[in-house]
Amino acid sequence: MTTSPPDDQEVVGLAARLREHRLGSRLTLEAAAARVGLSPAYLSRLETGRRQPSLPVLLGLARAYGSSVSGLLGETPGDLDPIVRGGAIEPGRAGGWGYRRAGAPGRAMQALRVQVPPGVQDEVVRVHPGEEWLYVVRGRLRLTLGERVHLLAEGDSAHFDSLTPHCIAADSADGVELLFLHTLLQSPGGELCLGGGPVPH
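Everything in this summary refers to the structure shown in the same document. This one's a predicted model, so the numbers in the text were calculated from it and none came from an experiment. (Residues numbered from 1 in each chain as written. Predicted model: local features only at pLDDT ≥ 70, side-chain atom pairs only at ≥ 80, totals over all residues. Heavy atoms only, no water.)

**Re the overall build of the protein chain**
Looking only at helices and strands, one finds five helices and eight strands in the protein chain. Sequence-ordered secondary structure for the protein chain, helices as α and strands as β, is α-α-α-α-α-β-β-β-β-β-β-β-β. Per-residue burial for the protein chain yields a buried fraction of 48% across its 201 residues. A total accessible area of about 9400 Å² is found for the protein chain, and carbon and sulfur atoms account for 54% of it. (Helix = DSSP H or I, 4+ residues; strand = E, 2+ residues; numbered from the N terminus. Buried < 20%, exposed > 50% of the residue type's maximum accessible area, 1.4 Å probe, protein only. Areas by Shrake-Rupley, 256 points an atom, 1.4 Å probe, with all protein chains shown as cover.)

Put into structure tokens, the structure is as follows:
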């Protein structure tokens, strides 16, 4: 049976787990930040709980540490239960991103329910091996794929190769809720290839 922390503690414990995974990977703050395309100060704020990572940042950290998003969120694989019960998504205290597992941990594909907050997003453009699929449950999403910007409404979905430079952000006043599915393919050495784009401070 899969062991999960209480839902309201999943994001609360994330900061400590990010630090534990970095130390377990024998990476300095500077080395880990460079690998994922962040500033060391920003990564430090993530590890102290003063900021909540966006989904692209969370994916990048999981790949950099040779882990999974489920691992960073504190999910412990056991006997894989095919049933995942629903529930409210608790937004993070800093940054507003919220996550809830929507699939079994330890699988090649990782499924999440994601709450993307409104307002200014860290719009780092990501490029990495794998595939991503998302479905807009509520709100409106701005999805940038390469040079094109797509606005997705409730019920719309997208399926794309993660080697296409991509960026997601809420385009509605109340944020957007997504179903998100991705593969955990890694490039050689676990390096995450990054495109250009502003780095969060």
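After that view, the rundown keeps rolling.
**Digging into the sheet that holds strand β6 (residues 157–161)**
Within the open sheet, the five strands sit side by side as β1-β2-β8-β3-β6. Their pairing is antiparallel. This sheet does not close on itself; its edge strands, each paired only once, are β1 (98–101) and β6. Strand after strand, the sheet turns through a mean of 20 degrees between neighbouring axes, direction not considered. Sheet topology note: the strand β2 (residues 109–116)/strand β8 (residues 176–183) ladder contains eight bridges and is antiparallel. Looking across to β8, one finds that Val114 is bridged to Leu178. Here helix α4 (residues 55–64) sits on the sheet in contact with β1, β2, β3 (131–138) and β8, set at roughly 25 degrees to β8. (Pairing = 2+ DSSP bridges. Axes fitted to C-alpha atoms, helices over the stretch in contact; angles between N-to-C directions. Contact = heavy atoms within 4.5 Å.)

**Focus on the pairing of strand β7 (residues 166–170)**
Burial analysis of β7 places five of its five residues in the buried class, which makes it a mostly covered element. The two faces of β7 match: His166, Ile168 and Ala170 on one face and Cys167 and Ala169 on the other face are all buried. Across five bridges, strand β4 (residues 141–145) lies against β7 in antiparallel orientation. Bridging across to β7, Arg142 finds its partner in Ala169.

**Some words on helix α2 (residues 29–36)**
Restricting attention to buried positions, one finds in α2 the residues Ala32, Ala33 and Val36. The buried residues of α2 occupy an angular sector of 100 degrees when projected down its axis, which confines them to one face. Where α2 is buried, its residues touch α1 (14–24), α3 (40–47) and α4. In the segment just after α2, Gly37 is the residue with positive phi, at about 80 degrees. (Arc of directions from axis to C-beta.)

Scope: geometric values only; no functional claims are made or implied.
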